[in-house]
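Listed here are the chains, written in short residue letters.
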Amino acid sequence: MPRWTLLLAGLLIGAAALAGCGSGDASGPTPTPLPGTLLDPPKEIGDFTLTDHTGQPFRLSDLRGKVALLFFGYTNCPDICPTTLAEFKRVKALLGKDAARVAFVFVSVDGERDTPEQLAAYVRAFDPEFIGLTGDDATIRAIARDYGVFYQRVSYEESAAGYLVDHTASTFGVDQEGRLRLVFSYGTDPAAIVARVRALF
Amino acid sequence: MRMRRFLLAVLIGVALGALLIPRLGDEDDDAPSSAPAITVRDAWVRATVGSGGMTGAFMVIENNGGTADRLVSVGVDAEIAGAVEIHEMTIGEDQVMRMRPIEGIDVPAGGNIELKPGGYHIMLLELQRDLTPDDTLTLTLTFESGAQVEVSAPVRAME
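Because the structure is a prediction, the values reported are computed rather than measured.

Draft legend 1. Expanded view of the overall build of chain A. What chain A contains, in helices and strands, is five helices and 10 strands. Across chain A, contacts joining residues at least 24 apart in sequence account for 70% of those joining residues at least 6 apart. Entry remark: accessible area of chain A is about 8,500 Å², with carbon and sulfur atoms responsible for 56%.

Draft legend 2. Spatial organisation of the sheet that holds strand 4 (residues 67–73) of chain A. Residues and elements named next belong to chain A. The sheet built from eight strands is open, its strands ordered 1-10-9-4-5-6-2-3 with mixed pairing. Edge strands, defined here as strands with exactly one partner in the open sheet, are strand 1 (37–44) and strand 3 (57–59). Averaged over all neighbouring strand pairs, the angle between strand axes comes to 35°, with direction disregarded. Of the strand pairs in this sheet, strand 4 and strand 9 (residues 171–174) are connected by four bridges, and their pairing is antiparallel.

Draft legend 3. Summary view of the environment of Ile-113 of chain B. Residues and elements named next belong to chain B. Inspection of the secondary structure puts Ile-113 in strand 7 (residues 112–115). On the basis of relative accessible area, Ile-113 is assigned to the buried category, the value being 18%. Spatially, the C-alpha atoms of Ile-113 and Val-40 are 9.8 Å apart, while their sequence positions differ by 73 residues. Dropping the residues within four chain positions of it, Ile-113 is found in contact with Met-59, Val-60, Ile-61, Ile-105, Asp-106, Val-107 and Tyr-120.

Draft legend 4. Seen up close, the packing of helix 2 (residues 80–95) of chain A against helix 5 (residues 190–198) of chain A. Residues and elements named next belong to chain A. Remark: helix 2 packs on helix 5, axes separated minimally by 9 Å, with the N-to-C direction vectors making an angle of 55°. By the angle between their directions, the pair helix 2 and helix 5 is classed as oblique. With respect to the hand of their crossing, helix 2 and helix 5 are arranged in right-handed fashion. The segment helix 2 lies against helix 5, with Glu-87, Arg-90, Val-91, Leu-94 and Leu-95 engaging Pro-190, Ala-191, Ile-193, Val-194 and Arg-198.

Draft legend 5. Representation of the interface of chain A and chain B in the model. Every contact between the two is made by 37 residues of chain A and, on the other side, 33 residues of chain B. Interface of chain A and chain B: buried area, both sides summed, is about 2,700 Å²; carbon and sulfur atoms make up 59% of it. Taken together, the links from chain A to chain B amount to one salt bridge. Note that Asp-166 of chain A is salt-bridged to Arg-100 of chain B, the shortest N-O span being 2.9 Å. Taken together, chain A and chain B are joined by nine residue pairs in polar contact (both at pLDDT 80 or more). The greatest single-element share of the side of chain A that touches chain B, amounting to six residues, is contributed by strand 8 (residues 163–168) of chain A. Here the side of chain A that touches chain B is composed, by residue class, of 22 nonpolar, 10 polar and five charged.

Cut-offs and rules
Residues numbered from 1 in each chain as written. Chains lettered and ligands numbered in written order. Predicted model: local features only at pLDDT ≥ 70, side-chain atom pairs only at ≥ 80, totals over all residues. Heavy atoms only, no water. Helix = DSSP H or I, 4+ residues; strand = E, 2+ residues; numbered from the N terminus. Contact = heavy atoms within 4.5 Å. Areas by Shrake-Rupley, 256 points an atom, 1.4 Å probe, with all protein chains shown as cover. Pairing = 2+ DSSP bridges. Axes fitted to C-alpha atoms, helices over the stretch in contact; angles between N-to-C directions. Buried < 20%, exposed > 50% of the residue type's maximum accessible area, 1.4 Å probe, protein only. Parallel < 35°, antiparallel > 145°, perpendicular 65-115°, else oblique. Left-handed = near helix turned anticlockwise from the far one by under 90°. Buried area = accessible area lost by both parts, 1.4 Å probe. Salt bridge = Lys/Arg side-chain N within 4 Å of Asp/Glu carboxyl O. Polar contact = N/O pair within 3.5 Å; in protein donor to acceptor, adjacent residues only side chain to side chain. Nonpolar A, V, L, I, M, F, W, Y, C, P; charged D, E, K, R; others polar.

In structure tokens form, the structure reads like this:
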């Protein structure tokens, strides 16, 4: 493994600790709220601009008037990312006509490898209306901090993966005014997500 | 008297031998049968999109033998993937997903171990092409005992 990746990993860990993600707990970042948590009052979050899977600039505020479900992941993630997007697909199906009132957003935490083209192939494999967003690491990191999302590259000398990305596996619900309202832990029943989302209409 | 003792000793010897020989025989039978005791079912590989990626293979490994074994390596055609690793994924109380390469997976005697999303998986890396749902891959699983099992794993859509 090149020395710079070790250095980078060290810097990232240090940055995470400084950002208050450590919370004095050796297990890492601040735990995100419990499954299906309704944030009351809602958490004000900043608008952001990333690049969508068609290569166009995309603002969170473009989704005003819709409820947005966001998941942070990366396309090389073999396991929970596709599982979660498959669950988004089920949520969308369960919403029926109301699906038009909900945006499904996959935010990459691997801007280096997840180009808009790669994201396009990925999100479209699940649903042509899903939105993939990517950007530079500084921008993504600032957004992640807003949502309480932790992510960190991990390199293994013995692994051919190059690097893997540890990341928060929760799904986030943003209301029609662009405020953070819902947090679901990984594996939450799509029917429960639908019920929570409908309550935000 | 001496003769009787001698005969008794011979009898005991024969009796003990008779007891021991089938046991030894049984052990001999066990050794080869414990290797094919490993069977694999419900294998599948997640389809991919985009080049140069990686994906996971999942399955249930059953050990019907009397000896624990351990999956130590997996092979696949180099035209499919440049490298194969065994990974474990965990989600902590902090809801952070962590994925780690591991040395192997123990398969307990008379038990099974499930490689499934959210736990263990076989990671196919440096994919040479996209894997689509009409593909079927052949994976060769090698165990610590030396047992090798060929597994036919159909590719399933990402959903």
